Structures are given as structure tokens and as C-alpha cells.
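Survey of secondary and tertiary structure
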Amino acid sequence: MDYKQSYGKSYSRSNNRGNNRGRNSFRRDQYSNSVRNNFDQQSEKLVIRIDTEKVGKLIGKSGSNIRELQDKTGTRIYVDRSTGNDTTGVTIVGCTEAQEQAKNLIEESLSDPPYPGQQSQNEHNDQNKPEIDFTNFDWSQANKQCDEYRKEKWSKCTPIVKNFYNEHPAVANMTKEQVAHIRKSNNNIEVKFMFDEKESDSEQLSIPNPIETFEQAFESYPEILEEIRKQGFTKPSPIQCQAWPILLSGQDLIGIAQTGTGKTLAFLLPALIHIEGQPIPRSERNGPNVLVMAPTRELALQIEKEVNKYSYHGIKAVCVYGGGNRKEQVNIVTKGVEIVIATPGRLNDLVEANILNIASITYLVLDEADRMLDMGFEPQIRKTLLDVRPDRQTVMTSATWPQGVRRLAQSYMKNPIQVFVGSLDLATVHTVMQKIYIISEEEKSDMMYQFFRGMAPTDKVIVFFGKKTRVDDVASDLALQSVSCQSIHGGREQADREQALEDLKTGEVQILLATDVASRGIDIEDVTHVLNYDFPRDIEEYVHRVGRTGRAGRTGESITFMTRRDWSHAKELIHLLEEAQQEIPEELYQMADRHDAWKEKRANEKQLERLDRGGGGSGFSNRRSNTRRW
């Protein structure tokens with residue numbers, strides 16, 4: 001279907017559309033106000049009082065804090081400044097459970113406990129405390145003392161077992177040629193020691209040969225094999241072929257592969273064996289053995305769902321994440337679990353509250369590490385790793401291999417083996433047909449609705465937008481047209497986000513409207529289309545959006561709308577499309593050329609400005625460019 005020909009510019013700019021859009025906007029406003037008023041009238045109200053001096057902290061800059069509290073709890077919160085001098089009344093509207101959650105979050109946000117590394121008020125006011133003279137600071141001595149402290153701290157820990165691998169004779173007897181053929185035929189697996197380090201002369205590390213069948217990996221663990229058979233898998237995925245021998249032998253692993261390639265199962269099954277194989281009985285351990293850190297709630301819940309598919313010696317898991325029921329999560333943790341799946345923020349919250357002991361962790365997974373760094377979680381990750389024993393086994397998975405991920409791996413992994421499937425260069429999934437339409441902003445809406453009208457009964461589409469407000473607007477428009485859809489973005493309650501994904505999975509809806517919160521880690525195998533209404537903020541995000549379709553061996557199609565303002569991405573997009581052997585519009589090449597020419601002209605202008613400032617009076621100071629950005 002040629003969407004651009006179906007809906008031309010003349011129709012997209014017609015007066016009738018403008019009038020309809022105005023009426024729809026008025027209806028949406030009426031509908032939103034009606035829903036809000038009904039919510040306030042029908043819900044229970046709870047009034048609490050806070051110190052008036054802390055009202056600003058509760059509200060936040062431009063109301064950001066109070067909006068976040070409302071989004072998290074599904075309540076409405078009103079501040080009444082006229083109710084007192086020293087204290088102020090805060091009204092919480094919602095169901096009883098939501099009110100209690102909001103009340104607890106408000107009290108937590110307004111309390112001022114000293115965090116580790118933060119000065120208490122007394123310390124802050126202590127004028128006699130000597131300052132450290134960093135001009136003559138002996139860093140080598142400090143590092144030595146730090147190492148001695150860490151050795152002392154972990155010296156009393158019970159040794160852990162990491163090697164559970166019994167290499168199958170058929171695998172052990174493979175020739176180099178056979179190994180190379182297996183790796184090449186499995187989507188060109190490449191494997192190497194990442195940093196080419198040798199721990200000691202006495203320990204000669206080696207890279208295990210790949211396996212070809214489940215039996216070759218888990219022959220010594222028949223219960224694991226039985227669980228695999230229950231899932232109906234026929235053969236290991238490429239990443240699993242090489243990852244299982246490495247992880248079962250106790251070595252650290254960096255797995256680089258696109259999403260939807262079986263990475264979760266690659267680290268999960270060795271983790272189950274690792275838990276059961278430790279020398280201390282599970283009943284005598286002081287906490288969980290396995291920690292999986294994930295960037296988003298959706299990915300964490302997806303991993304938990306995958307873990308729960310496999311029953312092995314009664315091993316229990318819990319998923320802890322911000323926005324979920326904290327009290328319920330705490331109850332599960334305190335009753336005892338072996339696997340914790342967590343987002344960084346909630347994990348640090350429970351560790352600081354002494355609810356979760358991560359000193360017992362012996363198997364650590366950093367899943368979608370590139371995404372965690374993109375989201376700014378590196379400080380939380382590094383803080384967490386300080387409290388995990390250094391002789392643990394560490395697994396890191398990523399879809400790309402940026403510098404930040406390399407730095408993290410070098411800091412916290414021990415002679416890791418890197419396994420990457422396909423190419424380390426950024427690349428889209430080859431099972432997806434990628435279509436690019438260079439259009440005006442006004443044409444987008446018509447083309448999107450034309451696509452919706454042309455969907456087959458078996459089609460499922462995820463539509464990506466740049467802003468939450470646009471998601472809500474389109475969802476309202478579709479509702480007025482009696483079109484069933486779901487939406488997911490950071491402003492929605494967690495329960496609603498989970499329901500949205502479930503409705504798409506089950507086929508209750510065919511359309512999911514989303515921001516980039518859904519671009520990674522969401523495993524819905526039968527999504528047939530991805531539609532990029534707004535071009536993503538960077539080319540890496542484009543890759544991960546496209547990866548939502550064409551999963552698990554299926555084919556898919558991505559449709560991307562580009563406008564003039566997206567021209568800075570044209571060159572990188574061309575490289576991706578060429579690598580995936582996709583059709584490239586001539587307009588995209590022209591867009592890339594114009595952007596290169598503009599960049600060169602801007603660079604020349606800046607050079608002239610620098611010369612002018614340096615030489616003075618050369619006549620260039622009043623020159624202004626009238627160059628258009630297109």
C-alpha cells in the first residue's frame with residue numbers, strides 16, 4: 001500500500017479536517033473534565049497535614065513532583081494553603097489503597113534521612129572537622145587501603161561454586177573446523193576474551209566449544225531438560241549455543257545480540273543450576289543468590305514471567321520496581337526468595353532500607369545494559385555493585401556495544417568472554433521490511449489513520465510517538481471513532497501499562513500507542529507492524545523500535561514518517577537501510593546531502609567568526625547568514 005499516494009497534501013490540509021480536529025479537541029476537553037469531576041465526586045477523600053515550609057518540596061518545579069505522585073498512585077492530590085500557618089492541608093482523592101500509597105510516598109518524599117555519603121545536619125555544622133587536602137593526597141595509599149578493606153570485608157564469606165559444566169563428549173571432540181562452522185551457521189557468532197587478560201599463570205582460561213542441542217548442554221540436569229521440552233523449543237538459539245557452555249563453566253559473559261534472540265533463557269537456566277549447586281543449604285542463606293537488574297518495569301516483569309515458566313527445585317523469584325506495590329514487594333522479599341529481578345531505583349530503595357540483602361548475591365545479571373546507561377542509571381548500578389561480593393559470576397547483556405557499556409564491563413567483570421551474534425555494528429533485524437516516507441508534519445495523521453483502516457484482522461501494530469500528550473490525543477480520537485486501542489507511556493499507572501501490553505498480546509486490541517518506554521524489552525512475538533509517527537531521538541532508538549516486530553523468526557514491517565526537521569538522522573539511517581538491503585527513497589539521499597552541506601557551511605561561518613574575534617575589525621562581525629535549515 002502506498003500511503004503517500006492514498007492521502008495527498010491537498011486532502012491533509014483541507015478545511016473540513018481542520019474543523020473536525022477542532023470539534024474533536026473540544027469533545028476531548030469535555031470528556032476529560034467530565035471524567036475528572038466524576039472521579040473526584042465518587043472517590044473517597046483523605047486529608048493529611050504537612051509542614052507549610054515543605055509545600056514547595058511536595059509540589060516541585062512547575063508541579064512536577066505532585067504530578068509524578070498522582071501518576072504513580074492513581075490519585076488526585078490537592079494542596080490547600082489557606083488552612084493554617086505552620087501546617088498545610090493536603091487532600092488525597094482516590095480508593096483507600098491508593099490513598100495509603102500516596103500518603104506513604106508523600107511522607108517519604110518530605111522526610112530528610114541522611115543517605116550513605118550524605119552529611120547529617122550536625123556534620124554539616126561541625127566547623128572543627130578537618131578538611132582533606134587533595135593537593136597532596138596520596139591516592140595510591142588510599143587505593144591500597146580500599147583494597148585491604150574490601151578483602152577484609154569479603155574474607156569471611158563462604159566460598160561459592162561457579163563451575164557446573166560437564167562437557168558432552170561430542171562437544172569436547174569437535175575440531176576447530178567444526179567449531180568455526182557451527183558458529184558461522186548460527187548467525188555468524190563471534191566469541192573472544194573481551195580484554196585479553198589472564199588472571200594468573202596458574203589459571204589457563206579457555207573458551208568452551210558451542211553446543212548444538214539442549215542435551216549437550218544439560219544432559220547432567222534432566223529436570224532442566226524436561227522444563228525445556230514443556231516449552232516446545234526444538235533447538236537452542238544462536239546466543240544460547242555459545243552462552244550456556246560459558247556460563248555453566250562459571251565464567252563471566254558479555255552477550256551482544258538483538259532483542260528477541262533468547263538472551264533471557266541464555267542466562268536464566270544456568271542461574272537455576274547455580275542457585276541449587278551452592279554448598280550452603282538455601283534455608284541457611286541470608287538472602288537471594290541471583291540478582292537481575294533491568295532498565296524498565298516492563299522488561300523486569302517480562303523477565304519475571306519468563307522465570308515463572310520454569311519450575312526447578314521450588315526456586316522462587318520476585319520482581320521489584322518503582323510504581324508497583326512496595327508493601328507487597330517487601331513482604332515477598334522478607335519471606336525469602338532466590339531470584340530478585342529489579343529496576344535500579346527500587347532496588348536501591350530496598351537495600352538502603354535494609355529490607356534486601358545483596359551481599360548474598362553470587363550471580364549477577366545486568367540486562368539491557370546499554371539501555372540502563374542511556375536512562376542515566378550508571379550511578380545506581382555502580383553503587384549496587386559495591387555491595388555485591390567481588391567473586392560473583394557476572395553476566396551483561398546488551399543490544400549495542402557503546403563506550404559506556406565497555407567501561408562498565410571493564411570495571412566490574414572478571415576476564416569476561418564476549419559473545420556477539422551478527423555484527424557489533426548497529427544493525428536492524430533483517431526479517432523486517434523498512435519503509436521510509438518523507439512527508440510534512442500535516443500529512444502524518446492522515447497517513448496513520450489510512451494505515452489503521454487498511455489493517456488486516458490478524459495485524460498488530462505499535463505506533464511510536466515522541467510525546468505523551470500526542471499518545472493521549474490519538475487514543476481519545478480513536479475512542480471517539482469507536483476504534484479499540486491501548487496506550488503506554490511513563491505517565492500511566494503501572495497496572496494500566498501492564499494491562500495495555502496484555503491486551504495487545506491476547507489480541508484484545510490490535511493497536512498500541514506508545515512512547516519510547518516500550519521500544520525495548522517488550523516481547524510480543526506476533527507484532528506485525530511498527531509505525532514511527534515521530535522519528536526517535538537517536539538512531540539506536542530507531543533500531544530498538546524496529547526490533548519490536550519480526551521477532552522469533554517471523555517477518556514484520558516498519559513504517560517511518562520523516563519530516564524536514566529529522567534531516568540530521570538521514571545519513572545514519574541510510575547506512576542502516578543499506579546494511580539491511582532495504583529500499584531507500586531518493587529524497588533521503590538528498591536530505592542527507594543537504595544536511596552535510598549545511599553542517600559544512602555552519603562550520604565555515606564559525607571559523608570566520610573566530611577569525612573575526614581574533615583579528616578584530618575585519619568586517620565580518622556584522623555578517624549574518626540567511627541560510628535556511630533545509
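Because the structure is a prediction, the values reported are computed rather than measured. (Residues numbered from 1 in each chain as written. Predicted model: local features only at pLDDT ≥ 70, side-chain atom pairs only at ≥ 80, totals over all residues. Heavy atoms only, no water.)

1. Observations concerning the overall build of the protein
- Helices and strands together make up the secondary structure of the protein, namely 26 helices and 17 strands.
- Taken over 630 residues, the protein has a buried fraction of 47%.
- Within the structure as shown, the protein displays about 32600 Å² of accessible surface, and the carbon and sulfur contribution to it stands at 46%. (Helix = DSSP H or I, 4+ residues; strand = E, 2+ residues; numbered from the N terminus. Buried < 20%, exposed > 50% of the residue type's maximum accessible area, 1.4 Å probe, protein only. Areas by Shrake-Rupley, 256 points an atom, 1.4 Å probe, with all protein chains shown as cover.)

2. Side note on the UniProt feature "domain: DEAD-box RNA helicase Q" (unreviewed entry) in the protein
- Residues annotated by UniProt as "domain: DEAD-box RNA helicase Q" (unreviewed entry) correspond here to residues 213–241.
- Taken end to end, residues 213–241 has its terminal C-alpha atoms 8 Å apart, with 66% of it in helix and 0% in strand. (UniProt positions renumbered as here; feature names shortened; annotations may be inferred.)

3. Details of the packing of aromatic side chains
- Applying the stated criterion across every chain, the model contains 8 aromatic pairs.
- Here the aromatic rings of Phe-465 and Tyr-533 are separated by 5.0 Å at their centres, their planes lie at 40 degrees, and the arrangement is tilted. Taken as a pair, Phe-465 in the loop between strand S13 (461–464) and helix H22 (468–480) and Tyr-533 in the loop between strand S16 (529–532) and helix H24 (539–546) lie far apart in primary sequence, 68 residues in all.
- Taking relative accessible area as the criterion, Phe-465 reaches 1% and is therefore assigned buried.
- Accessibility expressed as a relative area gives 4% for Tyr-533, which makes it buried.
- Cluster of aromatic residues (ring-pair linked, three or more members): Phe-214, Phe-218 and Trp-244. (Phe/Tyr/Trp six-rings, centres within 6.5 Å; stacked < 30°, edge-to-face > 60°.)

4. Thoughts on unusual backbone geometry
- Within the chain, Asn-187 stands out as a residue other than glycine whose phi angle is a positive 60 degrees.
- Of note in this structure, Glu-368 is not a glycine but carries a positive phi near 50 degrees.
- Note on placement: Glu-368 falls in the loop between strand S9 (363–366) and helix H18 (369–374).
- Judged by its relative accessible area of 3%, Glu-368 is buried.

5. Section: the pattern of salt bridges
- This structure, assessed with the given rule, holds 29 salt bridges.
- In this structure, Arg-407 engages Glu-378 in a salt bridge whose closest nitrogen and oxygen atoms are separated by 3.1 Å. Placement of Arg-407 in helix H20 (residues 403–412) and of Glu-378 in helix H19 (residues 378–386) is noted, with a sequence separation of 29 residues between them.
- The network of salt bridges with shared partners includes Arg-371, Asp-516, Arg-537, Asp-538, Glu-541 and Arg-545. (Salt bridge = Lys/Arg side-chain N within 4 Å of Asp/Glu carboxyl O.)

6. Comments concerning the nonpolar core
- Counting 57 residues, the largest nonpolar core has Phe-218, Ile-224, Leu-269, Leu-272 and Ile-339 as the members making the most contacts within it.
- With sequence-adjacent residues up to four places away left out, Ile-339 is seen in contact with Leu-272, Ile-275, Pro-288, Val-290, Val-307, Ile-315, Lys-316, Ala-317 and Val-318. (Core = buried A, V, L, I, M, F, W, Y, C linked by side-chain atoms within 4.5 Å. Contact = heavy atoms within 4.5 Å.)

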